[in-house]
Amino acid sequence: MSLSPEDEAAIRTRLLKIARQVAARAYAPYSGFRVGAAVQAGGQVFIGVNVENSSYGLSLCAERAALAAAVAAGAHPITHLALVGLDIPVGGRPEDCLPCGACRQWLAELAPEAIIYIEGREAGWRVKELLPLAFQLKDSRKT
Ligand code: THU
């Protein structure tokens, strides 16, 4: 279902605002880079932040935290995800805070039709633009 440009703009504004607010609660003592995500699914909003660990490779990204919350609530379809990085390095640009490769794979599986909004860019990205030719096990894909 496609929404009017006005409705899309309202969702973008709302989700980016929530993502920015929750990013302040990120647990990022190692990288110092706090990220917040807000997912819209089935008309509800779910939040996530990055949660790091002293065993660095176990760190969880904000997007996957928010996607997992939506899945746990049984909310679907996942239609939008907004992402905000609070601690953009000097000289960096907010629009470069895009989902990492692992999160794109999660999006391809859990939210293939979702629109991804990031700060500093009006237009949303489609998941298929961010990860064309995603890996999938043909037999396991549910409709
Ligand atoms: N991070 C995210 O939360 N989402 C991304 O898509 C990129 C990276 C987090 C992981 C880590 O806690 C910090 O940003 C620095 O990489």
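Everything that follows concerns the structure shown earlier in this document.
Given the structure is predicted, the values throughout are model-derived calculations rather than measurements.

*Asks:* Got a sec to walk through the layout of surface pockets? Specific residues and values, please.
*Replies:* Taken as a whole, the second largest pocket encloses approximately 160 Å³ of empty space. Lining of the second largest pocket is provided by 11 residues; of these, Ala108, Lys128, Leu131, Ala134 and Gln136 occupy positions nearest its centre. Across the lining of the second largest pocket, the residue classes break down as 8 nonpolar, 1 polar and 2 charged.

*Asks:* Outline the site of the ligand, supporting the account with residue identities and numerical values.
*Replies:* Neighbouring the ligand are Ser31, Phe33, Val35, Asn50, Glu52, Cys61, Ala62, Glu63, Leu98, Pro99 and Cys100. Between an oxygen atom of the ligand and a side-chain N or O atom of Asn50, the distance comes to 2.9 Å. Within the side chain of Glu63, one N or O atom sits 2.5 Å away from an oxygen atom of the ligand. Alone, the ligand offers 370 Å² of accessible surface; in the complex the protein occludes 78% of this. In the shell around the ligand, the residues fall into 7 nonpolar, 2 polar and 2 charged.

*Asks:* Explain the nonpolar core to me, and be specific about the residues and the numbers.
*Replies:* Among the nonpolar cores identified, the biggest contains 22 residues, and Val39, Ala41, Ile78, Leu81, Leu83, Leu107 and Ile116 are the most heavily contacted of them. Look past the residues within four positions of Val39 in its chain and what remains in contact with it is Gln44, Val45, Phe46, Ala66, Leu67, Ala70, Ile78, His80 and Leu81. Counting residues in each nonpolar core, the second largest holds 13 residues, with Leu16, Ala26, Val49 and Ile115 among its members.

*Asks:* If you had to explain the side chain of Glu119 to someone new, which residues and values would you point to?
*Replies:* Note that Glu119 resides in the loop between strand E4 (115–118) and strand E5 (125–126). If near-sequence neighbours (up to four positions away) are discounted, Glu119 is found in contact with Leu16, Arg20, Leu83, Val84, Pro94 and Glu95.

*Asks:* I'd like a description of helix H1 (residues 5–23), backed by residues and values.
*Replies:* In this model H1 runs 27 Å from its N-terminal to its C-terminal C-alpha over 19 residues, within 8% of the 27 Å that 1.5 Å per residue would give. Those residues of H1 not exposed but buried are Glu8, Ile11, Arg12, Leu15, Leu16, Ile18, Ala19, Val22 and Ala23. One side of H1 holds all its buried residues, which, seen down the axis, span an arc of 165 degrees. Projecting away from the buried face of H1 at angles above 90 degrees are the exposed residues Glu6 and Lys17. For H1, the secondary structure elements touched by its buried residues are strand E1 (35–41), strand E2 (44–49), strand E3 (78–85) and E4.

*Asks:* Mind laying out the pairing of E2, listing which residues take part and the relevant values?
*Replies:* Regular strands place their side chains on alternate faces of the sheet. Where E1 lies against E2, 6 bridges are found, and the strand directions are antiparallel. In the sheet register, Gly36 faces E2, and the bridge partner there is Val49. Taking the residues that link successive antiparallel strands as the turn, the E1-E2 hairpin has 2 residues, and the phi of Gly42 there is positive, at about 55 degrees.

About the criteria used
- Residues numbered from 1 in each chain as written.
- Predicted model: local features only at pLDDT ≥ 70, side-chain atom pairs only at ≥ 80, totals over all residues.
- Heavy atoms only, no water.
- 1 Å grid on protein atoms, 1.4 Å probe; cavity = no way out; pocket = protein on both sides within 12 Å on 5 of 7 lines; lining within 4 Å.
- Points joined across faces, edges and corners; volume = space filled by probe spheres on them.
- Nonpolar A, V, L, I, M, F, W, Y, C, P; charged D, E, K, R; others polar.
- Near = heavy atom within 4 Å.
- Polar contact = N/O pair within 3.5 Å; in protein donor to acceptor, adjacent residues only side chain to side chain.
- Areas by Shrake-Rupley, 256 points an atom, 1.4 Å probe, with all protein chains shown as cover.
- Core = buried A, V, L, I, M, F, W, Y, C linked by side-chain atoms within 4.5 Å.
- Buried < 20%, exposed > 50% of the residue type's maximum accessible area, 1.4 Å probe, protein only.
- Contact = heavy atoms within 4.5 Å.
- Helix = DSSP H or I, 4+ residues; strand = E, 2+ residues; numbered from the N terminus.
- Expected span 1.5 Å × (residues − 1).
- Arc of directions from axis to C-beta.
- Pairing = 2+ DSSP bridges.

Any functional reading would require information beyond the geometric quantities listed.
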